[in-house]
Every structure is written in C-alpha cells, then in structure tokens.
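Chain by chain, the residues:
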Amino acid sequence: MKYVDEFRNRRLIERVAGQIRGAVNPDCAYNIMEVCGTHTMSIFRFGLRDILPPNIRLISGPGCPVCVTPNEFIDKAMAIANMKNVIIMTFGDMIKVPGSRSSLEKEKAGGADVRIAYSSLDALELAKKHPDKEIVFLGIGFETTAPTVAQSLIIAKKTKLKNYSVLCGHKTMPEVMETLVKDGSIKVDAFMLPGHVSAIIGLKPYGFLSKIYKKRCVISGFEPLDMMQSILMIVRQRKPEIEVQYGRIIERDGNPLAQKCMNDIFEKFPSVWRGIGCVKDSGFKIKKSYGVFDAELKFRPRIERPKDNIRCFCGYILKGTKTPYDCPSFAGRCTPENPVGACMVSGEGTCAAYYKYGKDTVSSR
Amino acid sequence: MCLAVPMKIVEINGNEGFVESSGLKRKANFSLLKNPKVGEYVLLHAGFAIERVKAKEAQKTLRMFESI
C-alpha cells in the first residue's frame, strides 16, 4: 500500500457518491466550506463537484497560505531582498505573488537574490555554505508548516548559525474560522477541515465550531475518496460535532512534539489576512528568546503604506462571498502567467483551480 | 503548501535520514516524530516527517468501502 492510489479508486469513489445521493435530504441545502487550498485543488482536479447532488454546495475557504499572506509581508520581504548581502529563500509560489508595487520575481529580475526552497532546511544549508551572506527564509504557512520552520530556528541556535533568520508570517486556522463564522456574510453549514493542520494540532482547537456555532465538521484527508467520505460523514452527522475521516494520520491530540516545538519558538500574535483583515491571535511571531533570528528585528525593513489592487477580488474569494467568476479581472487581465492577485498564483489558489479546471465548475456558477 | 506525501522510511541516522516512494528517495528530518523506525510510512512535509501513517486505519477505511 502506498496510501495514495488506493484512495483514488474510481469504483469506490462512485460507490460513495451513490451513498451520498442516498443520504441527502432533497429539500435541504448543504453549504460545505472546504477550508484548505489543497482540498480545493483536489476537488477540481478529480471533478468531484460533478458527481455530487446539486444541493451540496462546496465553498472554497481561506486555507491557502500564499493567498492569505498580505501585501505588507511581501513588501517587507522585497525591502529585505534589496538589502546588501541578503539572499531570500522562499517556498515557490510566494515568488510570483504581487505585493503593493512589485513582486519578488520582479525584484529578482532587477538583481535581488531570491531563491526557491523546498524546506527551511535548504535555507540552513545555504547559510552554512555562505557565512558572508545573510539568509532570510520566508516563514509562511499554517500549523502544518510552522513546526518545520520553528525546528530550523532550534537547529540554527544549536549550531550557532548567525547568518540565518526568518521573516515570520505564519498563521493559525481556528481563529480565522471563528472570524468567518461570526462575520455571517456567507452561509456555511459545515466545514471540511484540513487534515494536515490537525496532524499537528489535533481536534480540540476546533471544538468551538460545533459547540458554540453548531457547525458540523469533519477533519478530512486530501485524496478524492477521503473527501467524498468526509462529505458523506457531514451529510450523515446528526448533531454538530468534530469527526475525523483522516484516521490513518490524525491522533486526537495531534503531534505533541511538533506542538512543543511551535510553542517554544513562537507566540500568538494578531495577524493580517488578505481580504479578511487583522484577526486576534491568528498568527505567530518569533519569541524574544529567539529574537536574533527574527528578520523583522534584524533588518527592520521600511516600507511604504501597503495598498491593495481594487480590481482584484481575492479578498472576497478567500472569505467565500464571491467566486472567481464574479471577478472582473479573472481569466482576462489576471491569468497564472500574469497574475493580478495571489489566488491566481498559488497552486492551491481558488482562482488558479477555476482557471485550470474551469469546465468542471461552470455548473456551480 | 499543506501538501504532505506518505513516504516509507528507508534510513535513519540520528534525526535525519531518507524516505522513499515510487522509487523517489528524499532526505528527511525526523525531529518532529517520536521513535521513527525504518519501514514505517510517514507523512513528509517541507522536508520533515510530521506524522506516522497508520496502516491498520487505512485498511479499515478501504475495507469499509469495499463492503458497501
């Protein structure tokens, strides 16, 4: 077993689709938000919308880390990139995302040293190789990624690496979901929660969604069979609770070692989300004890007041209040080759998914 | 970004080692996992093994769908 192909079995997926059709109440609407960008991409890639009953509506949520990173962060990264002797290392998608006035890709073309990394460990390696350079890693991502970046800082401290730092833009899921639920501008009855975030944090931090806001929730894997099973579990759920579909990965309490690592390095911080604004305690900043590795303190980047592109609907799309088809820039002025907004850049972005697999989504317009 | 891939541990040296899937071998860091063992499947994200894959649970799910 490879734990991938088995969960893409067409025959089983169609069987579950039949179960869903049998389980739904035809007089009832099911508005399900798939929170994670990887879920969004999988739903489109495998054409799952086409095999679901019409009263199941899937709404894409704010779970694409590149998409929700605000212009201010990108502007700061560019300011640091243009400083002397600095090499910026970042996860690939980030490089193309437009900031207020430019992008890291354009700054690279202009001479800044910006490189793509698969892991924070690549940045550590580079720092060891180039003691004369300052290596700055762009720490973005949710609880899945944050422990890996935290661990890179622990290693840097242990190995007395002085030329490595992180520009911290990590965000946390539960707080922003509470903001969305409270906002009320989008009707969501149930959530398909991101399995890889819960691999780290477990179930408990989402408890409020079912207890206080009476939302049905299933923590889901990312293969098509996983997501179909999650939808079936949501439809069958009698009273709101947090269920786990992704049992082959998730422990109820998450990964305590990774949680400790995150808590040792980061502290909660009010964080700005593209389109959603500042959400209390929804981000991480580097603790004072690791302050020498905080690129913000080390380089103190000065930026002009960040500005958003008014012709970009990313903000509405991330909240689920509009779809890419509602955006005047979609597929015209804004394409993956020439993106106006972050949601078109990221491999997990909703606009990128609609653009790439659009024919599957026409019925959902 | 939250993409994580199940891969099999083939070598461990301290906190580091190698994982493999479909002939692709990758370096991995195991510092976020308690007592990793060669032969186990782990979820690899950004160079780190972040959790184990539980074979029994995976088989249980698949068996359940086969029996529908």
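No experiment lies behind these values; they were computed from the predicted model shown. (Residues numbered from 1 in each chain as written. Chains lettered and ligands numbered in written order. Predicted model: local features only at pLDDT ≥ 70, side-chain atom pairs only at ≥ 80, totals over all residues.)

Things to note about the overall build of chain B
Worth spelling out the cut-off: Helix numbering and strand numbering both begin at the N terminus, where a helix is a DSSP run of H or I of at least 4 residues and a strand a DSSP run of E of at least 2. Counting other C-beta atoms within 10 Å of a residue's own tells you its class, since 20 or more makes it buried, 12 or fewer makes it exposed, and anything in between is partly exposed; those C-beta atoms are placed from the backbone.
The helix and strand inventory of chain B stands at 1 helix and 5 strands. Helices and strands appear in chain B in the N-to-C order β-β-β-β-β-α. If one aligns the C-alpha atoms of chain B with their principal axes, the spans along those axes are about 45 × 25 × 25 Å. Per-residue burial over chain B gives 38% buried out of 68 residues.

Focus: the sheet that holds strand β5 (residues 134–139) of chain A
All names here are of chain A. How we decide: We call two strands paired when DSSP finds no fewer than two bridges between them. Under this scheme, a helix contributes an axis fitted over its contacting stretch, all axes are lines through C-alpha atoms, and angles between N-to-C directions fall in the 0 to 180 degree range. With C-beta atoms placed from the backbone, a contact is any residue pair whose C-beta atoms sit within 7 Å.
Taken together, the 4 strands give an open sheet; going across it, the order is β4-β3-β5-β6, and neighbouring strands pair in parallel fashion. The two strands at the open ends of the sheet, each matched to only one other strand, are β4 (113–116) and β6 (164–168). Taken over all neighbouring pairs, the strand axes of this sheet differ in orientation by 25° on average, direction set aside. Bridging between strand β3 (residues 86–90) and β5 involves 4 bridges; their strand directions are parallel. Paired with Met-89 across the strands is Phe-137, a residue of β5. Against the sheet, helix α6 (residues 120–129) touches β3, β5 and β6, its axis set at about 175° to β5.

Structural notes on the domain arrangement of chain A
All names here are of chain A. Test applied: Either an automatic procedure or a domain database provided the assignment from which the domain bounds are taken. Nonpolar residues are Ala, Val, Leu, Ile, Met, Phe, Trp, Tyr, Cys and Pro. Charged residues are Asp, Glu, Lys and Arg, and all others, Gly as well, are polar.
Each assigned domain of chain A is listed here: domain 1 (1–308) and domain 2 (314–364). Each of domain 1 and domain 2 has a C-alpha centre, and these two points are 18 Å apart. Across the boundary between the two partners, domain 1 contributes 29 residues, which contact 22 residues of domain 2. With 6 residues, helix α2 (residues 37–45) is the single largest residue contributor to the side of domain 1 that touches domain 2. Here the side of domain 1 that touches domain 2 is built from residues that sort into 14 nonpolar, 9 polar and 6 charged.

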